[in-house]
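# What the coordinates show
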Amino acid sequence: MDKSTAEWIWQTMVKIRLFEEEVERLLQSGELPGFAHFYLGQEACASGVCANLAQSDYITSTHRGHGHCIAKGGRLDKMMAELYAKETGYNKGKGGSMHIASPEIGILGANGIVGGGIPLATGAALSSKLKKDGKVTVCFFGDGATNQGSCHESMNFGAAFQLPIVYVCENNQFGVGTRISEVTREPDLGKRAIGYGMPFEIADGQDVFAVHDVARKAIANARAGGGPTMLELKTWRYRAHFSGEPAVYRTKEEEAEWLKRDPLEIAKKQFLDKKLLDKTQMKEIQAAAQAELEAAVEFGRTSPEPALESALADVYA
Ligand SMILES: Cc1ncc(C[n+]2csc(CCOP(=O)(O)OP(=O)(O)O)c2C)c(N)n1
């Protein structure tokens, strides 16, 4: 990893952490409407993967999508305005947390339907193959989504037609309150790729170097015409499934074990040890991210509400 990539990754991980913590505060205080699925704890996954993408490449995301959006270059102010349901948001305030999309920068959308993004990603990759546009699609999904039919159908299709796509399963161990081991016998979800004749890698999702490494190879291979790869990133969401849910299904002991391996702490140590970043640089990056976040909140707060007459505009179904 070179210094500029390290800088970008640290900036991205910090932005995701600060954004999510702020959204949590704003929801708890009642200032933001609705609820959100926090990406806290999974920062290394989106950051390590997207560090290998160009702006023109595509991603599809999930209900837990803020981290993917930030890592693909989403602006904090337009994201925050969307959460405030304001006209200046990415979806003019009509999408909210689970539907943020920005096709101009390759974000084909978060998705409230579990497994819903996987066929969309596969279709985007098919379009790239037919148009020979050199783009790669990264499809993010959770462990729960691997048991959706759409996942099986899409991965089989992607492999059969050797599409330029990387299927990234962020295995945070739970689908709402269901432990993946209760509903799936094989703990290594990456091995499912064998059934499709697709290569796979299983990596530590808390270690951004490990994530970056497997993603770099898979994305380069897809771009070179080598077809899809499945990545399984073992990770842990710090919060409950969504804001306000009690998370009674996890033990304090396993939570404590995972918290010992915080992705930002691991990254910080490695950046310093490998002399890719120094402490002053890291502090400056953190301060800049904090300032950007504060400006984003102000933008969201003060932006206008969508006009009543626009209620049916951009609504397709
Ligand atoms: C088709 C469908 N079924 C059920 C739900 C309700 N639901 C929302 S999130 C979720 C769990 C998803 O788990 P996973 O894919 O592992 O993602 P994670 O929440 O862990 O990031 C479920 C069942 C839904 N939104 N869509």
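Notes on the structure follow. All values reported here derive from a predicted model rather than from experimental measurement.

## So, the site of the ligand
As a structural note, the neighbourhood of the ligand is formed by 15 residues, with H63, R64, G112, G144 and F174 the closest of them. Between the ligand and N172 there is a distance of 2.9 Å, counted from an oxygen atom to a side-chain nitrogen or oxygen. Of the residues assigned to the shell around the ligand, the class counts are five nonpolar, eight polar and two charged.

## Focus on helix 11 (residues 279-302)
Three or four residues apart is the spacing at which side chains of an α-helix point the same way, because the helix has 3.6 residues per turn. Taking 1.5 Å of rise per residue, 24 residues should cover 34 Å, and helix 11 covers 35 Å from first to last C-alpha, within 8% of that figure. Looking only at helix 11, the buried set comprises M282, I285, A289, L293, A296, V297 and G300. Along its buried surface, helix 11 packs onto helix 1 (3-28), helix 4 (76-83) and helix 10 (263-273). Capping the start of helix 11, D278 holds a side-chain oxygen 3.2 Å from the backbone nitrogen of T280, two or three residues further along.

## Details of the nonpolar core
M80 and F271 are the most contacted members of the largest nonpolar core, which totals 68 residues. Looking at this core, the element that brings in the most residues is helix 1, giving eleven residues. Formed by 19 residues, the second largest nonpolar core is a distinct cluster that contains I118, F141, A159 and I165.

## With respect to the packing of aromatic side chains
Inspection of every chain in the model, using the stated rule, returns seven aromatic pairs. Ring geometry for F209 and F271: centres 5.5 Å apart, planes at 55°, overall tilted. Pair noted here: F209 is in helix 8 (residues 208-223) and F271 is in helix 10, with a separation of 62 residues, a long-range link. The burial state of F209 is the same as that of F271; both residues are buried. Just above the ring of F209 sits the side chain of K274; from NZ or CZ to the centre is 4.8 Å.

## Brief notes about the environment of I59
Positionally, I59 belongs in strand 1 (residues 58-60). Overall, the relative accessible area of 0% leaves I59 in the buried class. Setting aside residues no more than four positions away along its own chain, I59 makes contact with C50, L53, H68, K72, G106, I107, L108, G109, V138 and F140.

## What to know about the side chain of R250
With respect to the helices and strands, the residue R250 is situated in the loop between strand 7 (229-234) and helix 9 (252-259). Within the local environment of R250, its side chain forms a polar contact with the backbone oxygen of R237, the two atoms lying 2.8 Å apart. Among the polar contacts made by the side chain of R250, one reaches the main-chain carbonyl oxygen of R239 at a distance of 3.4 Å.

## Description of unusual backbone geometry
For A85, which is not glycine, the phi torsion reads 60° and is therefore positive. Mapped onto the elements, A85 comes out in the loop between helix 4 and helix 5 (117-131). Phi is positive for K132, close to 50°, though the residue is something other than glycine. Relative to the assigned elements, K132 resides in the loop between helix 5 and strand 2 (137-142).

## Regarding helix 1
For helix 1, built from 26 residues, the straight-helix expectation of 38 Å at 1.5 Å per residue is met to within 8% by its first-to-last C-alpha distance of 38 Å. Downstream of helix 1 by a residue or two, G30 has a phi angle that is positive, lying close to 85°.

## Section: the pairing of strand 6 (residues 200-204)
Bridging between strand 6 and strand 7 involves five bridges; their strand directions are parallel. For F200, the partnering residue across the bridge sits in strand 7 and is M230. In terms of handedness, the path from strand 6 via helix 8 over to strand 7 forms a crossover that is right-handed.

## Remarks on the packing of helix 1 against helix 2 (residues 43-50)
Close contact between helix 1 and helix 2 brings their axes to 9 Å; oriented N to C, the two are set at 145°. Considering only the axes of helix 1 and helix 2, their crossing is right-handed. Mapping the contact onto sequence places W8, I9, T12, M13, I16 and R17 in helix 1 and E43, A44, S47 and C50 in helix 2. Residues that form the contact of helix 1 with helix 2 fall into these classes: six nonpolar, two polar and two charged.

## Notes on the sheet that holds strand 6
Pairing is parallel in the open sheet, where five strands are placed in the order 1-2-3-7-6. A strand with exactly one partner marks an edge of an open sheet, and here the two such strands are strand 1 and strand 6. Neighbour to neighbour, the strand axes of the sheet diverge by 20° on average, direction disregarded. Docked against the sheet, helix 2 engages strand 1, strand 2, strand 3 (165-171) and strand 7, running at close to 170° with respect to strand 2. Of the strands in this sheet, strand 2, strand 3 and strand 7 touch helix 6 (residues 149-160), which is tilted by about 145° from strand 3.

The rules behind the values
Residues numbered from 1 in each chain as written. Predicted model: local features only at pLDDT ≥ 70, side-chain atom pairs only at ≥ 80, totals over all residues. Heavy atoms only, no water. Near = heavy atom within 4 Å. Polar contact = N/O pair within 3.5 Å; in protein donor to acceptor, adjacent residues only side chain to side chain. Nonpolar A, V, L, I, M, F, W, Y, C, P; charged D, E, K, R; others polar. Helix = DSSP H or I, 4+ residues; strand = E, 2+ residues; numbered from the N terminus. Expected span 1.5 Å × (residues − 1). Buried < 20%, exposed > 50% of the residue type's maximum accessible area, 1.4 Å probe, protein only. Contact = heavy atoms within 4.5 Å. Core = buried A, V, L, I, M, F, W, Y, C linked by side-chain atoms within 4.5 Å. Phe/Tyr/Trp six-rings, centres within 6.5 Å; stacked < 30°, edge-to-face > 60°. Lys NZ or Arg CZ within 6 Å of the ring centre and 35° of its normal. Pairing = 2+ DSSP bridges. Right-handed = clockwise from strand over helix to strand, strands pointing away. Axes fitted to C-alpha atoms, helices over the stretch in contact; angles between N-to-C directions. Left-handed = near helix turned anticlockwise from the far one by under 90°.

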